[in-house]
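Coordinates in review
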Amino acid sequence: MKILYLLLLMSMFLYEGRLSAQSPFDLPPLPPSENYGDIVIDRTAKATKGTPVYFSHWVHRVKYTCRVCHYELEFSMQSNETPIVCDNGTMKGRYCAACHNGKVSFGPKDEDGETCSRCHDADSSSGGRKFNELQNRLPKSRFGNGIDWSRALNDGLIKPADSLSGEVRELVNVRNLVLEAEMRGISYAVFPHRTHEQWLDCSSCHPELFNIKKKSTESLRMINMIRGDSCGVCHLRVAFPLDDCKKCHPKMRNWGGY
Ligand code: HEC
Ligand code: HEC
Ligand code: HEC
Ligand code: HEC
Ligand code: HEC
Ligand code: HEC
């Protein structure tokens, strides 16, 4: 372990000038804050040469918690896995059509005609003025969307619906965890259950990602997170990214300047 740690420090020293994130890890580059959490859905478009669909997480998470889509509607947390069927714009299926039906939000056809290109437009950006207004209104954060989503929720600045039916869950309040690092000289990581419960369902993490017993999940290492597993399932692309060491390691000294 000691040797590993020394190696880590050495590589930090060597890489410091080279890595854009200035962290000891080779983290993926971050998009502009308005595009963080954006995904392109082209599962069928690729095969049929159709126009891919552009989906923005920040547009939707202002209005809904993750569990509405990833638990109730069963969207996968891996892009292009969900068998979304549009039926050439009839949209009878569940998925997007649960809301894009002309009632909750715009449907494929409304009084002004077809809206196909609002979704089928991989070049369009969800950014611009609407994003700037939102970012200015909400508490700031250093990485990702540049928005501190936890505080925005707790301060009541956003009120995402927690279910399609409007029902409100009772939070069960599982204790917050302090996870001691398996490496000397590295400060512990925190895992606040409550923060996650507010957005997610237990089944988003248990039992597939994490065991229901503290310090028993072997994959709980940075190396797996960087590959998009473990905490990195969300903290690489949608929730604040791994670059934000101090959010998880509150006692960590500043790596390469932060
Ligand atoms: C609310 C967003 C949304 C709207 C509005 C929309 N689509 Fe789609 N559409 C999708 C998604 C998501 C897919 C799946 C994309 C993929 O897998 O590549 C899709 C797939 C398709 C496909 C390929 C296979 C299939 O399921 O039919 C066609 C063709 C299509 N849409 C046509 C249209 C037309 C025509 C309109 C307008 C009348 C329209 N879409 C409106 C989201 C939308
Ligand atoms: C309005 C619906 C909706 C909400 C709300 C939502 N998501 Fe998603 N999410 C999706 C869809 C749709 C996909 C793409 C699924 C597919 O293509 O199979 C997706 C994909 C993802 C992915 C995979 C991204 C990638 O690049 O592969 C992650 C991670 C994710 N969501 C996490 C979250 C988290 C965390 C929240 C809450 C903060 C959240 N989502 C809220 C609809 C939603
Ligand atoms: C749980 C409900 C819900 C689901 C599911 C959902 N949406 Fe939406 N979507 C909304 C609402 C509500 C808005 C309007 C947000 C606003 O005006 O602030 C919206 C807005 C949008 C917009 C406009 C974004 C903008 O910049 O104005 C697009 C594009 C979009 N959705 C695509 C999709 C696609 C594609 C899917 C499926 C992969 C999907 N949505 C699934 C509720 C949903
Ligand atoms: C975002 C992911 C995530 C969600 C959502 C989540 N948990 Fe956990 N849970 C964890 C992690 C990580 C651990 C620690 C695993 C480890 O250290 O090996 C854990 C551990 C636990 C433990 C063991 C605590 C201990 O002291 O040993 C219990 C009990 C638990 N979770 C219950 C729940 C319940 C009930 C829910 C839903 C209300 C829930 N969890 C939602 C990630 C999650
Ligand atoms: C299934 C998705 C998911 C997984 C897995 C997940 N998180 Fe989160 N986490 C979130 C969301 C969503 C938030 C709300 C803040 C945001 O979106 O930036 C959050 C917030 C947090 C916060 C609160 C930060 C604050 O400012 O209050 C910490 C700390 C955190 N996560 C640590 C972890 C750790 C450690 C793990 C792995 C053991 C983990 N998370 C796994 C989705 C996830
Ligand atoms: C989403 C939360 C999260 C973020 C962000 C995060 N870490 Fe971690 N980190 C963890 C968890 C959880 C562990 C494992 C604790 C344990 O062993 O139980 C860990 C462990 C570590 C370890 C010990 C080796 C290992 O992989 O187990 C090092 C070194 C480390 N983190 C450095 C960093 C640095 C540097 C950053 C910022 C670039 C960072 N971490 C960002 C959650 C996070």
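Bear in mind the structure is a predicted one, so any value in this text is a computation, not a measurement.

Topic: the coordination of the iron atom of ligand 2
- Taken together, the protein donors to the iron atom of ligand 2 comprise His57 (NE2) and His70 (NE2), at separations of 2.0 Å.
- Under the relative-accessibility criterion, His70 is labelled partly exposed at 24%.

Description of the layout of surface pockets
- Its volume calculated, the second largest pocket comes out at about 580 Å³.
- Taken together, 28 residues line the second largest pocket, and the ones lying closest to its centre are Thr51, Val53, Cys86, Met91 and His120.
- The greatest single-element share of the lining of the second largest pocket, amounting to 4 residues, is contributed by helix 2 (residues 43-48).
- The residue inventory of the lining of the second largest pocket, partitioned by class, reads 13 nonpolar, 11 polar and 4 charged.

Some remarks on the environment of Cys205
- Relative to the helices and strands, Cys205 is located in the loop between helix 8 (193-199) and helix 9 (222-226).
- Given a relative accessible area of 18%, Cys205 falls into the buried group.
- When the C-alpha atoms of Cys205 and Ser230 are compared, they prove to be 8.9 Å apart, with 25 residues separating the residues in sequence.

Brief notes about the site of ligand 1
- Around ligand 1 sit 22 residues in total, of which Cys86, Asn88, Cys116, Cys119 and His120 are the nearest.
- The separation between an oxygen atom of ligand 1 and a polar main-chain atom of Thr44 is 2.9 Å.
- Asn88 has a polar backbone atom sitting 2.8 Å from an oxygen atom of ligand 1.
- The site holding ligand 1 turns out to be the second largest pocket.
- Looking at the shell around ligand 1, the elements that each hand over two or more residues are helix 2 and helix 5 (116-119).
- Looking at the shell around ligand 1 element by element, the count peaks at 3 residues for helix 2.
- Classifying every residue of the shell around ligand 1 gives 12 nonpolar, 6 polar and 4 charged.

Some details on the coordination of the iron atom of ligand 1
- Around the iron atom of ligand 1, the protein contributes the donor atoms Cys86 (SG) and His120 (NE2), which lie 2.0 to 2.3 Å from the metal centre.
- Between the 6 donor atoms coordinating the iron atom of ligand 1, the angles at the centre fall across 88 to 178°, so the site counts as octahedral. Taken together, the residues Cys86 in the loop between helix 4 (66-72) and strand 3 (109-110) and His120 in the loop between helix 5 and helix 6 (129-137) connect sequence positions 34 residues apart.
- The exposure class of Cys86 is partly exposed, given its relative accessible area of 24%.

A few points about the confidence of the model for the protein
- Here the protein averages 87 in pLDDT, and 87% of its residues register 70 or above.
- Element-level pLDDT for the protein is lowest in helix 1 (residues 2-15), with a mean of 53, against a maximum mean of 98 in helix 7 (residues 149-154).

Brief notes about helix 6
- Those residues of helix 6 lying buried are Phe131, Leu134 and Gln135. Angular distribution of buried residues about the axis of helix 6 spans 100°; they occupy a single face of the element. With respect to the buried face of helix 6, the exposed residues turned more than 90 degrees away are Arg129 and Asn136.
- The inward-facing, buried residues of helix 6 abut helix 3 (57-61) and helix 7.

Analysis parameters
- Residues numbered from 1 in each chain as written.
- Chains lettered and ligands numbered in written order.
- Predicted model: local features only at pLDDT ≥ 70, side-chain atom pairs only at ≥ 80, totals over all residues.
- Heavy atoms only, no water.
- Donors = N, O, S within 2.8 Å, 3.2 Å for Na, K, Ca; no water.
- Buried < 20%, exposed > 50% of the residue type's maximum accessible area, 1.4 Å probe, protein only.
- 1 Å grid on protein atoms, 1.4 Å probe; cavity = no way out; pocket = protein on both sides within 12 Å on 5 of 7 lines; lining within 4 Å.
- Points joined across faces, edges and corners; volume = space filled by probe spheres on them.
- Helix = DSSP H or I, 4+ residues; strand = E, 2+ residues; numbered from the N terminus.
- Nonpolar A, V, L, I, M, F, W, Y, C, P; charged D, E, K, R; others polar.
- Near = heavy atom within 4 Å.
- Polar contact = N/O pair within 3.5 Å; in protein donor to acceptor, adjacent residues only side chain to side chain.
- Sits in = over half its atoms within 2 Å of the grid points.
- Tetrahedral: all angles 85-135°; square planar, octahedral: opposite > 155°, others 65-115°.
- pLDDT = per-residue confidence, 0-100.
- Arc of directions from axis to C-beta.
- Contact = heavy atoms within 4.5 Å.

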